[in-house]
Amino acid sequence: MSHQVYAFEPPERFVAGTVGAPGERTFFLQARGGGRLVSVALEKVQVTLLAEKLEELLLEAQRRFGVDLPATAVVDTSDNEPLDTPLDEEFRVGTLGLAFDVDTATVVIEAIAVGDEETEEAEEEDDDELSTADRDRLRVRLTPQATRAFIDRAKRVVASGRPPCPLCGQPLDARGHLCPRHNGYRR
């Protein structure tokens, strides 16, 4: 079976964004460049972890290779625009991969589609590399500055959802919240 690799090296725009109301949002990674637009769906926790791990990767690249890093994205260059349309989901992300290319001083992010054998992978962990080789993937190459801008936007997108319960940390629902710390009583 053939697979599609959507490569943007570098993209004109690479962002995390959402569609829908808080509590019912669908999260996307979206890359645009060269007249192409690719959107892939993923979970909120994947966006959160991607931002965290990218920060760690940048700090490690600075420590090990002396890469110059911007402190934070400049407010004037922050991308607060909505996702581009048409918003057609190419695939749902199952695996995210990160790397730092020392030769070009760029960050490589790879989002790999969920496979049909995701449930079987737990049983056959030896075939992990083989099973991801035939899946669609989105690959982007970003400068450290563009990576920092992506991290800042991803954090804003995740934080713009429902606020967490101060007691249990679960998201508060507009219809009420059954907090386990209050033995199931609505707050």
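Residues numbered from 1 in each chain as written. Predicted model: local features only at pLDDT ≥ 70, side-chain atom pairs only at ≥ 80, totals over all residues. Heavy atoms only, no water.

## Observations concerning the nonpolar core
- In terms of nonpolar packing, the biggest core is built from 34 residues, with Phe14, Leu29, Leu54, Ile109, Leu138, Val140 and Phe150 touching the most fellow members.
- No other element matches helix 1 (residues 44-65), which puts 7 residues into this core. (Core = buried A, V, L, I, M, F, W, Y, C linked by side-chain atoms within 4.5 Å. Buried < 20%, exposed > 50% of the residue type's maximum accessible area, 1.4 Å probe, protein only. Helix = DSSP H or I, 4+ residues; strand = E, 2+ residues; numbered from the N terminus.)

## A word on the sheet that holds strand 7 (residues 137-142)
- If you walk across this open sheet you meet the 7 strands as 1-7-6-5-4-3-2, and the pairing is mixed. Unpaired on one side and paired on the other, strand 1 (5-8) and strand 2 (13-19) mark the two borders of the sheet. In this sheet, adjacent strand axes meet at a mean angle of 30 degrees when their direction is disregarded.
- Relative to strand 5 (residues 89-101), strand 4 (residues 36-42) is paired through 2 bridges, and the arrangement is parallel. Directly across from Ala41, in strand 5, lies its bridge partner Arg92.
- Across the sheet, helix 4 (residues 144-159) is in contact with strand 2, strand 3 (26-33), strand 6 (106-113) and strand 7; its angle to strand 2 comes to roughly 5 degrees. (Pairing = 2+ DSSP bridges. Axes fitted to C-alpha atoms, helices over the stretch in contact; angles between N-to-C directions. Contact = heavy atoms within 4.5 Å.)

## Details of the packing of aromatic side chains
- Under the counting rule described, the total for this entry stands at 3 aromatic pairs.
- Pairing Tyr6 with Phe91 gives two aromatic rings, centres 6.5 Å apart and planes at 25 degrees, and the pair type is stacked. Taken together, the residues span a long stretch of sequence, with Tyr6 in strand 1 and Phe91 in strand 5 at a distance of 85 residues. In this pair, the class of Tyr6 matches that of Phe91, namely buried. (Phe/Tyr/Trp six-rings, centres within 6.5 Å; stacked < 30°, edge-to-face > 60°.)

## A look at the side chain of Arg135
- Following the sequence through the fold, Arg135 ends up in the loop between helix 3 (128-133) and strand 7.
- Judged by relative accessible area, which is 4%, Arg135 ranks as buried.
- At 3.5 Å, the side chain of Arg135 forms a polar contact with the backbone oxygen of Ala113. (Polar contact = N/O pair within 3.5 Å; in protein donor to acceptor, adjacent residues only side chain to side chain.)

## Side note on the pairing of strand 5
- Bridge count between strand 5 and strand 6: 8 bridges; the pairing is antiparallel. Paired with Leu96 across the strands is Ala111, a residue of strand 6.
- As consecutive antiparallel partners, strand 5 and strand 6 are separated by 4 residues, and within that stretch Ala105 has a phi angle of approximately 55 degrees, a positive value.

## A short note on the pairing of strand 2
- Taking burial as the measure, the 7 residues of strand 2 include 5 buried ones, the bulk of the element.
- As judged from the 7 bridges shared by strand 2 and strand 3, these two strands associate in the antiparallel manner. Note that in strand 3 the partner of Thr18 across the bridge is Phe27.
- Taken together, strand 2 and the strand that follows it, strand 3, pair antiparallel across an intervening segment of 6 residues, in which Gly20 is found at a positive phi of about 115 degrees.

## Here we look at unusual backbone geometry
- The step from Glu9 to Pro10 runs through a cis peptide bond, and the omega angle for that step is 0 degrees.
- By secondary structure assignment, the location of Pro10 is in the loop between strand 1 and strand 2.
- Located in the positive-phi region is Ala105, a residue other than glycine, with phi close to 55 degrees.
- Residue position: Ala105 is located in the loop between strand 5 and strand 6.
- Classification of Ala105 as partly exposed rests on a relative accessible area of 32%.

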